[in-house]
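Structural characterization, general
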Amino acid sequence: MNPTTINNMSTKEITKLELVFATQNRNKMEEIQVMLPENIKLLCLKDINHTEDIPETADTIDGNAILKADFVKNQLGYDCFADDTGLMVEALDGAPGVYSARYAGEEKNDEANVQKLLKEMEGQQNRRARFKTVIALNMNGHEILFTGICTGSITTAKRGSHGFGYDPVFQPDGFDKTFAEMTLKEKSQLSHRSKAMRELIDYLSK
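These lines cover the structure that appears in this document, whether it is placed above or below. (Residues numbered from 1 in each chain as written. Predicted model: local features only at pLDDT ≥ 70, side-chain atom pairs only at ≥ 80, totals over all residues. Heavy atoms only, no water.)

**As for the nonpolar core**
So the rule is basically this: Only buried residues count toward a nonpolar core. Its members are Ala, Val, Leu, Ile, Met, Phe, Trp, Tyr and Cys residues joined through side-chain atoms within 4.5 Å. The buried label goes to any residue with under 20% of its type's maximum accessible area, the exposed label to any with over 50%, and the partly exposed label to all in between, with areas taken from a 1.4 Å probe on protein chains only. Labels follow the DSSP assignment, with helices taken as runs of H or I lasting at least four residues and strands as runs of E lasting at least two, numbered in each case from the N terminus. Throughout, a residue-residue contact means that at least one pair of heavy atoms, one from each residue, lies within 4.5 Å.
Ranked by internal contacts, the top residues of the largest apolar core, which has 19 residues, are F81, L137, M197 and L200. Listed by contribution, the elements that provide at least two residues to this core are strand 1 (17-21), helix 2 (26-33), strand 2 (40-43), strand 5 (128-139) and helix 6 (192-204). Among the elements that make up this core, the one with the highest residue count is helix 6 (five residues). Once residues within four sequence positions are removed from consideration, M197 is found in contact with I32, M35, L36, F81 and I135.

**Some remarks on the pairing of strand 5**
Threshold: Should DSSP find at least two bridges between two strands, the strands are regarded as paired.
In terms of burial, strand 5 is largely enclosed, as nine of its twelve residues are buried. Two strands pair when backbone bridges link them, and strand 3 (residues 80-89) and strand 5 are joined in this way by ten bridges, in the antiparallel orientation. Across the sheet, the residue bridging to G86 is K132, located in strand 5. Pairing of strand 5 with strand 6 (residues 142-154), which is carried by twelve bridges, proceeds in the antiparallel orientation. Along strand 6, the bridge assignment pairs R130 with T151. Joining the antiparallel neighbours strand 5 and strand 6 is a turn of two residues, in which N140 adopts a positive phi near 55°.

**Points about the environment of V98**
Here V98 is to be found in the loop between strand 4 (96-97) and helix 4 (110-120). C-alpha separation for the pair V98 and T85, spaced 13 residues apart in sequence, amounts to 7.3 Å. Sequence-distant contacts of V98, that is, excluding residues within four places in its chain, are made with A58, D59, T60, I61, N64 and D84.

**Considering the packing of aromatic side chains**
Quick note on the threshold: Only centres within 6.5 Å qualify two rings of Phe, Tyr or Trp (six-membered ring in Trp) as a pair; their planes then separate them into stacked at under 30 degrees, edge-to-face at over 60, and tilted for everything else. In this analysis the charged atom, NZ for Lys or CZ for Arg, is taken to sit over a ring once it is within 6 Å of the ring centre and within 35 degrees of the ring normal.
Under the definition given, this model contains five aromatic pairs. Relative to Y203, the ring of F146 has its centre 5.8 Å away and its plane inclined at 55°; by these criteria the two rings are tilted. Linking F146 in strand 6 with Y203 in helix 6, this pair joins segments that are 57 residues apart in sequence. With a relative accessible area of 32%, Y203 lands in the partly exposed category. In this structure an aromatic cluster arises from ring pairing among F131, F170 and F179. Lying over the aromatic face of Y103, K116 brings its terminal NZ or CZ to 4.4 Å of the ring centre. The cationic tip of K187 hangs over the ring face of F179; the distance from NZ or CZ to the ring centre is 5.3 Å.

Now the structure itself:
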């Protein structure tokens, strides 16, 4: 199912829903909101008066997504979905992986993370990498996982000013642009997060 089809779904096809997306990241909110049909109301953690970060203490991407979704449902009482994303680089044995957001330190600084990655990749011939997003949905007593993967390569320098995270140094397969050189619409048609989101929306439509 492509994004156009998703956005054209009628209220008869998807029951009206209000869901919390367990994030403080406005970039993620914007990226996902453009994919949703109008009859799904999306709330972030700030909208439900939760301003603290939810601990991500699992050692897997799946585990962190589950932790965040469970926290919102069990502690705050809202139907919720949460995502976690990792960038896996072949030449670095899969790093930064589950530690992608904190690669350069606990402050989660995008620029510092990118610069550390470029430094680690200096002189590497194999620049293959992949993004993996896992979305955990906790709703109506059920928990379901949805996964999206995007393969590509790490560039030798930053390119582009859009997006966030590692977008300026990740060039998806089949394209001559990094994610940061793409419009939000272009990125939403092929990114790891959009693939996982389409699986989630397909599930909600049934």
